[in-house]
Structures are given as structure tokens and as C-alpha cells.
Amino acid sequence: MSVTIGFLGMGIMGTEMARRLKNNGYAVTVWNRTTANIDDALGCPIGASAAEVVSTCDVTFAMLSTPDAARAVADDVVKGIKQEGSKCRGYVDFSTVDAHTSKEIGDAVTQAGTRFLESPV
């Protein structure tokens, strides 16, 4: 498949979601705030930062644990969207956060120039 996927947040849920995408033929690049928590058996390339993953992938998914984590990562996501030559066409946030946090993230992402989908798990 030609769509490249980024996945931010390699906890229990994020790892399994990324694994399913990879096992179904998608090129998946992953990133986690704590690199040591990335399952080596996943076999996906690991991005150096959230911004790098976002700028090099068509669509990026995020599964983050707290509103603070989601906002902090979103700041880096915006940098990736704004990078010259960024491939990012969409950002999907699976993080279960409050409505205010999701709106903040959505506004920042869309103002940076890409689509946002709130999809809390």
C-alpha cells in the first residue's frame, strides 16, 4: 500500500494498533516519548521525534495517556506539519482526553495546515 502511517504512543493500545496496520501491509513509522518502551518485535522504523514522524508520513495516529502528554506531543506535531516538504495530510488523535484539550489540539493542527480527527478510545 502506498499510504504511509505514523503512530505516536507505543503503550499497550498503540503498539497493538500499529502492529495491526503493519501486518495489513502499511508502512508504519512509530515514536514514543520513552524510546525504551517501543517493542522491538514490532519491526517498524522508529522516528527521532513526533515532528519527524508527522512530516514523513501521510497520516499520523496518536494514542497518548493524558491531556498533558497529548498537548505536549501536539506541539511537536505542529512543527512537523509546518516543515517544508511535509507529507502530512491528517492527524488522528485516539487519546482519551477532555473536550477542551481535544479542541486545543484540533485547532492547532488545522491552523498548521492539515486535517484533524478526534477519535477517543
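Bear in mind that the values here come from a model prediction, so they are computed numbers and not experimental data.

Colleague: Explanation requested: the nonpolar core in the structure shown.
Modeller: As a rule of thumb, nonpolar side chains are buried together in soluble globular proteins. In this structure, L8, L64, V73, V77, I81 and Y91 are the most contacted members of the largest nonpolar core, which totals 21 residues. At the level of secondary structure, the elements contributing two or more residues to this core comprise α2 (50-56), α3 (67-82) and α4 (99-112). For this core, the element with the highest residue contribution is α3, accounting for 7 residues. Excluding residues that lie within four positions of it along the chain, L64 makes contacts with L8, G9, R33, A69, A70, V73, Y91, S95 and T96. In this structure, F7, V30, I38 and L42 belong to the second largest nonpolar core, which totals 14 residues.

Colleague: So what exactly am I meant to see when it comes to α3 here?
Modeller: Side chains of residues three or four places apart in an α-helix project in the same direction, reflecting 3.6 residues per turn. The terminal C-alpha atoms of α3, which comprises 16 residues, lie 23 Å apart, in line with the 22 Å expected from a rise of 1.5 Å per residue. Buried within α3 are the following residues: A69, A70, V73, A74, V77, V78, G80 and I81. Tucked into the core, α3 has its buried residues touching β1 (4-8), β2 (27-31), α2, β4 (90-93) and α4.

Here is what the cut-offs are and how they apply
Residues numbered from 1 in each chain as written. Predicted model: local features only at pLDDT ≥ 70, side-chain atom pairs only at ≥ 80, totals over all residues. Heavy atoms only, no water. Core = buried A, V, L, I, M, F, W, Y, C linked by side-chain atoms within 4.5 Å. Buried < 20%, exposed > 50% of the residue type's maximum accessible area, 1.4 Å probe, protein only. Helix = DSSP H or I, 4+ residues; strand = E, 2+ residues; numbered from the N terminus. Contact = heavy atoms within 4.5 Å. Expected span 1.5 Å × (residues − 1).

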